[in-house]
Amino acid sequence: MTAHTCGRCGLGGTRLMSELRPSESSRRSRRRMKVEYNLYCQFTRVWIPDPEEVWKGAEIIKDYKEGDPVLHLKLEDETTLEYQVGPNQNPLPFLRNPDILVGENDLTALSYLHEPAVLHNLRVRFLESNHIYTYCGIVLVAINPYEPLQIYGEEVINAYSGQNMGDMDPHIFAVAEEAYKQMARDERNQSIIVSGESGAGKTVSAKYAMRFFATVGGSSTDTSVEEKVLASSPIMEAIGNAKTTRNDNSSRFGKYIQIGFSRHYHIIGANMRTYLLEKSRVVFQAEEERNYHIFYQLCASASLPEFQDLGLTSAEDFTYTSLGENIFIEGVNDAEDFCKTREAFTLLGIKDSSQSSIFRIVASILHLGNIQICSERDGESCHILRDDAHLQSFCKLLGVELQQMEHWLCHRKLVTASETYVKSMGAKQAVNARDALAKHIYARLFDWIVEHINKALHTSSKQHSFIGVLDIYGFETFEVNSFEQFCINYANEKLQQQFNSHVFKLEQEEYMKELIPWTLIDFHDNQPCIDLIEARLGILDLLDEECKVPKGTDQNWAQKLYKQHSNSAHFQKPRMSNISFIVIHFADKVEYQCDGFLEKNRDTVYEEQINILKASQFQMVADLFLDKDDAPPSSKPSRVNVRALKSTPKAPNKEHRKSVGLQFRSSLHLLMDTLNATTPHYVRCIKPNDLKEAFSFDSRRAVQQLRACGVLETIRISAAGYPSRWTYLEFFSRYRVLMKRSDMTAADKKLVCKNLLETLIKEPDMFQFGKTKIFFRAGQVAYLEKLRADKFRSACIAIQKTVRGWLQRIRYRKIRRSAVALQRYGRGYLARRYAEFLRHSRAALFCQKQYRMVRERRAYLRKRRAVVTIQAFTRGTLTRRIYWEFLLHHKAMIIQKHVRGWLQRRRFRRARAAAVVIQCAFRCMQAKRLLKQRKIEARSAEHLKKLNTGMEMKIVQLQRKMDDQTKELKVQNEQLVTVNVTLGSEVSKLQKELQEVRSHRSDGGRELQEELERLRQQLQEAIAARKKLEEEHASEKTELSQRVEELEEENTLLKSQKEELNQQIQQQSRNSKVEASSASLLAELDEERRRYQNLLKEFSRLEQRYDNLKEEQSLNKFQPGHRRNPSNQSSLESDSNYPSVSTSEVGDTEDSIQLVDEMGMEKAAMDISLFMKLQKRVRELEQERKRLQLNLDKMEELSRRKGSEPRSPVSEQETADLAYDNLKRQELESENKKLKNDLNDLRKTLSAAPDGPSSELQDGYNLLLRQLRAANEELDARKEEVLILRTQIVSKAQQQENGQNVEPDGGPDRGSREPPDADSDLTDYHGLSESKKLLEAQLQSQSRTHRDELEALHTQIELLKDDLEKKQEILNYTSSLSPEARVEYSVQQEITRLTNDNLDLKELVEKLEKNERKLKKQLRIYMKKVQELEAAVAAQGASSRPELSRQVTVQRKEKDFDGMLEYSKEDEARLIKALISDVRPSSVSATVPCLPAYILFMCIRHADHVNDDQKVESLLTSTINTIKKVLKKNNEDFEMISFWLANTSRLLHCLKQYSGDEAFMTQNTAKQNEHCLKNFDLAEYRQVLSDLSIQIYQQLIKVAEGIIQPMIVSAMLESESIPSLAGVKPMGYRNRSHSMDTDDGPSSYTLEALIRQLGQFHAVMQEHGLDPEIIGQVVRQLFSCINANTLNNLLLRKDVCSWSTGMQLRYNTSQMEEWLRANNLLQSKAAATLEPIIQAAQLLQVKKKTTQDAEAICTLCTALTTQQIVKILNLYTPLNEFEERVTVSFIRGIQNRLQERNDPPQLLLDTKFTFPVLFPYAPSALSLDALHIPASLGIDFLVRV
């Protein structure tokens, strides 16, 4: 009856009570009754009461008419029932919601709002879908599943963070996010109120809410703050939670945790307040219950060394922990939990000493409970045994006096007006006093721990706002209810009052916001019940008054209650009891037993026992019981004064101490003030069953809790107004099927909706039009759904009618075709049977004929075989006879053959032995002659000189070493002789002194004798050391002589090897000579001789010119500013084995290389050897050319800069050097032009020769060989001449220097003196060294020439072979063709060849024209410089020196750009600023991609070229640091990050490409290989750049994900890519969440916007030149983010798990794949990351009924885990009545089939997952010397080198 009455009073869905207009309310009620009667027709489903299941479903089988006394129903088990209705009977039953509304996330979305609908919706969600959370307006209903669920991980927190409350499935994280968001937006403090019965999951819900805040509000500076907040949970669970019959981890106290946030909404601290700790549990536990966890944790860890002195054993041995008879909890390890508790203490900063004191106090409480109090015989006194070990342990642990505690445990002090005396207590009274002391100690310890937790969580920073989490007990009613249940229910009355007023306020605000006429709704106000408890002369007031009475008892207090409140509506007296009372709470009636109320309210503890504890020797124990009246508790500054709740310490007079009830009332008022000052959020925890079974739902227990926690009151308030609310767009999308075609085309959707509703619903009071929403009365949405379903049903009938007619027509046509086919086949069968008969007859005749023939043939064959057998045996016998005769003759011949052979071999051996003897004698004679001749040659000095030529320097070095050691030994010997002489003189001197001493002092002789002995010993040691040194010298000398002998032997061996190599070379050269080329070689020799003679003439002319320059030197007064030391010049020049060449020669070499590349290898096959030769020459002489050019530039620069300075006498030498260098370069340039002309003649010869036979190729090869040898010899001659000139220059310079050095001594006559002999020897020595180097260079040149010729020949052979093979293939192909095709093919080949030749010639002409323009430009520059130089020289030397006999023209080619940029150290900051700090991607968009990286590398190249390591290090370090600063400044700019990622990776690739490492040079061109770094290995900087690239990549991914994150869900799941496909279901109160109350509404994105954004990312990265591999990895990462966010949202949203969403999602993924295909990104594996959401979309679309469907799903969904598949199936929601839900049995079948999978337990995908990035090596094809630098960069201070 109670359940039925509760449902009737608040949940009638259509029963609204108005206070303002009763007449209008009655009229509305009558109209609704008429509507209701129309709804109770056949097939309507209803709810009827049931004593077992509370509510049971039924279906009306007969229409109900007004006034009928019976309603005919059919139950779900197919039984019929006549349900009595009427004024005196049951009212009409509640209507059931359509199936499409069952299982909704929000209970307010139900059309019919009443108790059975709420209960059924919760049951379906909990049992079938395993959803434990459900919204009920602003309340989150949480049902305890009694098993761990994988829905609280960090990925779930990330999924709910930032989301609106109604966008995701119900979750505790959604409520926490709503509170966090409102705190940030409204700047108002928030509270989350978690309530429910014990075991409903309040503590876990509060813990998860705090975990959410710790994750999303993590401190930016102090990361330990949130850890400390979470660490408080295990401590509070240990000291405040216990096992009860309803819950294994029940919180036995209430707590309000206030989490403080800074202005940036980061956690900065926290504070905790506690309420009404259940102290009685310390001393008493019911059966199957436990004490607080800390006692069992400490006992489980008693074996640890640090706890040995506590005296603890198993918890079974202590009274306070064994009363429940079961000390264990299944699945809980107390020892492990204790470790977690200690770790939490440490994390919160509680010292080890304080922790030890805490554990001592806890252990002392256990010992206190085991103290045995024995009663005396009189029964009025008691005592404690003297040897009670537990008393001793208790006093030892607390540090108190044993005798005093023993005395006051059995006695008490009574104080009267006149005297004070001590009275003994009875055993029972003493036990009560002992238990009271234990409770008091534990309560004080509990308060101390809470206080120190608050200190640890306190922050000095200013708190901007806070979120409070209230974890408080729910409404409780037991068989025996005492003082604790009364206080708990009193607190729930206050919370329910606050809840009702808040819900009513929100409802009123919603109506006023939408401009809906507001009518006050009557809701249950429990203020009278609260007044009954807390008002003046209320229950608590009377209780405190009775506690003050000295003889007050519980019975007297009960009688006062009966007398005072007998007339109250909320107070009743039980009929059968005088010591109990009944309070009618908002949830239920509760009967309280008065026994123990006074004692618990007083909380009496004897003062004598407390005084003993105050005197404890342990400071912490004494501090626990100190009075704190003078020290007010500290509180954190906040908007609401919040401070930790502690029991108010008792005053000296215990009568004036506050009672427990008064303290609880004060703290409760403070809590309500705090909650009223914040925005509350409600979580109601429901316990589904009392057996703690997983996913088991007891309807009676659930309904009881729903009524108690206020959920049904929320439903009632909502149902009293307009509970169903739709936006105009949602209503139009859902119910447009009910509109006419003309209405759907109207632009104003709001007007269309109004017209439709006015047509469909005749009662205007059933709906209201707001600003943005349409408001419906209860049941109207169900009525609209019925109309919509009827419309669909009629449409389906029409479709079915048409389809069935079409099917029948098809069936008729099929039957007719089948009949015609049968007739045709029957007639054919008869005809085939007659034809078969005819065939059989003919076959029988044929068989007879064949049988007779076979029979006769067999007889014939048998006779024939017999005759053949007889003939065979006869012939075989004759043949065998002939064979044996032949065999005998053959054997005789073999014997004769072997005998004759043996005779011949014996004769041959004798003759051969005689010949060998003669040969040996002759060879011996020749060997002796040769030996004699060799000995004579070996004795000759010339031979020895040849042998020792290579070892002279080694022998000289060894000789020098021996001489040095000999000198050292001689010095040591001299030193030793000197020491010996010194020692001898000292000895003689000492002997004299000894004699003198003996003569004067006879007693001192012994000491002098000892001193003499000591000196003699030193002398002997010195002699021994000398001998040792001599021995070492001798041994070393022996070793050196042995080494010399070994070197001589090695020299001999090397000489012999050299001779052998020379012989081999000569032999190879003789073999390679061709007789046909001898004449041409002789002609070349004559030509070379003529050239040599011309060179000699030129040399004499140059020598004369040199003399003229020497004369000019004495007259020249020009001072260049810098004079090079000739000795330094000589040393520099002697380092190179090759002479320098002019720059024009190098340029011609490069032109030759370029020409070969342009003509191709087939055209330039004859030039291959010359090409290789010139290429090698370029590499060898490049450094010499640069050095000479650099010296010339510096000299010219210095001459221009210091021309006006005074000239010193040392300028003549520099002027001579300059003139000589100019002459030498001019001469070499003219010779190089000659070589170039010869090369052009050779090209013309090759190009003019037709493709003839191999003889013509041989002629061309011979001509090439002659030209090559002429060039080699010409270069060798040039080397000789330059070396000779250098030798002469060095000797003259040294003579000039020597003359200058003696100038101060000789004065003006220094020129007449002859140089000393030492200088001439030195000059000769330098000349010999130069000659030696010249010979070595010639030998090396010859060997290289030979190798080059061999390589050229091999290359030519390979080319000829390839050409021959190609021509052979063409010949074979043409031979197989017809004559016409052969002619056509030949014409095509000829056209192709001519076309290619024409293209090559065009390219060659263009190149020549380009070179011609370049040369003309250079010529103009040179002419200008020459004119300026001539004018300067003429102006300076016109008056001081005569003119030259021949005008010298200085020609200098313009320097080629070598891909390097020079800058000064001072310009480094400008360079970094221009290229990195100030550069913008748009400013370099029109240039080469990654231009800053190329420029920086070119600067690094120059620093490497000049070997400046500091410059390289400084530039790279500045570059890296500046890039980091730029990215930090633009950390949200995708374009800038992409730009610098491209440049950083390109700089890294350049450092690899030009590092000189062969692994990175495989794809380089020859020019790029020349640009490699020469001096530094930058591998470490490459690693730093690689790390920087990875960091930039990660930042790029973060920014890109941040941009697309808000777009993903809207684009992939919510936007209608396929118009009119998605349906809209009724939404509940959640869509009216405060976080969504904005004018514009939440922004929505389409799929096109997401793809457009991805296209922008791709375009930006491509524009910046980012490597395609990296672009692919970026796209893959972004697609992974899209997949993870989409799938996670799908798994957490029930409203999108439908067939239409699956269709939309599949279309969207196909569009994404199409975008990948259009941008050539399929190879990036990005499409594979979308596989999970593709399979999820397919899962939403496939059939889900049969076992075959289950098999198909298991095979299809390989990328989804088992949990994800089951979750999607549970979430699957039909959008209309024609779709079917997934049955529970089908889901269980899927789970059974997927058990073999080893899937991870994680439900959601990790949105933070990143693929490992790989930067593949991508060399650049761009040459550095071809790079163009725009002037807009402002780096004109860089110099091109």
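Residues numbered from 1 in each chain as written. Predicted model: local features only at pLDDT ≥ 70, side-chain atom pairs only at ≥ 80, totals over all residues. Heavy atoms only, no water.

Novice: What is the right way to look at helix α47 (residues 1647-1663) in this model?
Specialist: Residue pairs spaced three or four apart in an α-helix point in one direction, given the helix's 3.6 residues per turn. For α47, built from 17 residues, the straight-helix expectation of 24 Å at 1.5 Å per residue is met to within 8% by its first-to-last C-alpha distance of 24 Å. The complete set of buried residues in α47 reads L1647, A1649, L1650, I1651, Q1653, L1654, F1657, H1658, V1660 and M1661. On its buried face, α47 is in contact with α44 (1534-1553), α46 (1579-1614), α48 (1668-1691) and α49 (1699-1718). One or two residues past the end of α47 sits G1665, with phi positive at roughly 75 degrees. (Helix = DSSP H or I, 4+ residues; strand = E, 2+ residues; numbered from the N terminus. Expected span 1.5 Å × (residues − 1). Buried < 20%, exposed > 50% of the residue type's maximum accessible area, 1.4 Å probe, protein only. Contact = heavy atoms within 4.5 Å.)

Novice: Help me understand the packing of aromatic side chains, please; the structure alone is not making it clear to me.
Specialist: Aromatic rings in a pair are described by how distant their centres are and how their planes are angled relative to each other. Across all of its chains, the model carries 40 aromatic pairs by this definition. Judged by centre distance (6.5 Å) and plane angle (70 degrees), the rings of Y40 and Y64 are edge-to-face. A residue pair is termed long-range when its members are at least 10 positions apart, and Y40 in the loop between α2 (22-39) and β1 (45-50) and Y64 in the loop between β2 (54-60) and β3 (70-75) qualify at 24 residues. Taken together, the aromatic side chains of Y152, F173, Y180, Y208, F212, F213 and F261 make up a single cluster linked through ring pairs. The ring centre of Y825 lies 5.3 Å from the NZ or CZ of R824, which sits over that ring. Directly above the aromatic system of Y1463 lies the positively charged group of K1511, at a separation of 4.3 Å from the ring centroid. (Phe/Tyr/Trp six-rings, centres within 6.5 Å; stacked < 30°, edge-to-face > 60°. Lys NZ or Arg CZ within 6 Å of the ring centre and 35° of its normal.)

Novice: What should I look at first to understand a nonpolar patch on the surface in this one?
Specialist: Residues I799, V803, W806 and L807 make up a contiguous nonpolar surface patch of roughly 390 Å² in combined accessible area. Tracing the chain through its elements places I799 in helix α28 (residues 780-939). (Patch = residues over 30% accessible without salt bridge, like charges linked within 9 Å, V, L, I, M, F, W, Y side chains within 5 Å. Areas by Shrake-Rupley, 256 points an atom, 1.4 Å probe, with all protein chains shown as cover. Salt bridge = Lys/Arg side-chain N within 4 Å of Asp/Glu carboxyl O.)

Novice: How do you make sense of the sheet that holds strand β23 (residues 767-769) when you look at a structure like this?
Specialist: The strands making up a sheet associate through backbone hydrogen bonding, with each pair oriented either parallel or antiparallel. A sheet is described by the order of its strands in space; here three strands give the open sequence β22-β24-β23, paired in antiparallel fashion. Strands at the two margins of the open sheet, each flanked by one partner only, are β22 (724-727) and β23. On average, each strand axis in the sheet is tilted by 20 degrees relative to the strand beside it, whichever way the strands run. Running over the sheet, helix α25 (residues 728-735) touches β22, β23 and β24 (773-776) and is turned about 90 degrees from β22. (Pairing = 2+ DSSP bridges. Axes fitted to C-alpha atoms, helices over the stretch in contact; angles between N-to-C directions.)

Novice: Would you take a moment to explain the packing of helix α42 (residues 1491-1505) against α44 for this structure?
Specialist: Helix packing for two helices is described by the angle between their axes and how far apart those axes are. At a closest axis distance of 8 Å, the pairing of α42 and α44 adopts a crossing angle of 35 degrees. Seen along the crossing, α42 lies across α44 with a hand that is right-handed. For the pair α42 and α44, contact is made by L1491, P1492, A1493, Y1494, F1497 and I1500 and by F1539, W1540, N1543, R1546, L1547, C1550 and L1551, respectively. Of the residues contributing to the contact of α42 with α44, the split by class is eleven nonpolar, one polar and one charged. (Left-handed = near helix turned anticlockwise from the far one by under 90°. Nonpolar A, V, L, I, M, F, W, Y, C, P; charged D, E, K, R; others polar.)

Novice: Looking at this structure, how should I read unusual backbone geometry?
Specialist: If a residue is not glycine, its phi is most likely negative; likewise, a peptide bond is most likely trans. A positive phi angle, close to 50 degrees, is found at E187, a residue other than glycine. E187 sits in the partly exposed class, given a relative accessible area of 40%. The phi dihedral of E325 falls on the positive side, at around 70 degrees, and the residue is not glycine. Topologically, E325 is positioned in the loop between α9 (319-322) and α10 (334-347). According to the relative accessible area criterion, E325 is exposed, its value standing at 64%.

Novice: Looking at this structure, I do not really get the nonpolar core. What am I missing?
Specialist: Generally speaking, nonpolar side chains in soluble globular proteins are found buried as a group. F213, I294, F295, M405, L437, W557 and F581 are the most contacted members of the largest nonpolar core, which has 317 residues in total. Residue contributions to this core peak at 16 residues, all from helix α14 (residues 427-457). Apart from residues lying up to four places away in sequence, F295 is in contact with V282, T321, V362, I365, L366 and Y442. If you look at the next biggest cluster of nonpolar residues, it comprises 19 residues, including L738, L760, I761 and F776. (Core = buried A, V, L, I, M, F, W, Y, C linked by side-chain atoms within 4.5 Å.)

Novice: Got a minute to help me understand the pattern of salt bridges in this structure?
Specialist: Enumeration over the complete set of coordinates arrives at 34 salt bridges. Residues R281 and E278 are paired through a salt bridge, measuring 3.4 Å at the closest nitrogen-oxygen approach. One exposure class covers both R281 and E278, and it is buried. Between K560 and E546 there is a salt bridge; the shortest N-O distance is 2.7 Å. One end of the pair, K560, is in helix α18 (residues 554-565); the other, E546, is in helix α17 (residues 539-548), and 14 residues separate them in sequence. One network of salt bridges, with partners in common, ties together E197, K687, D690 and R701.

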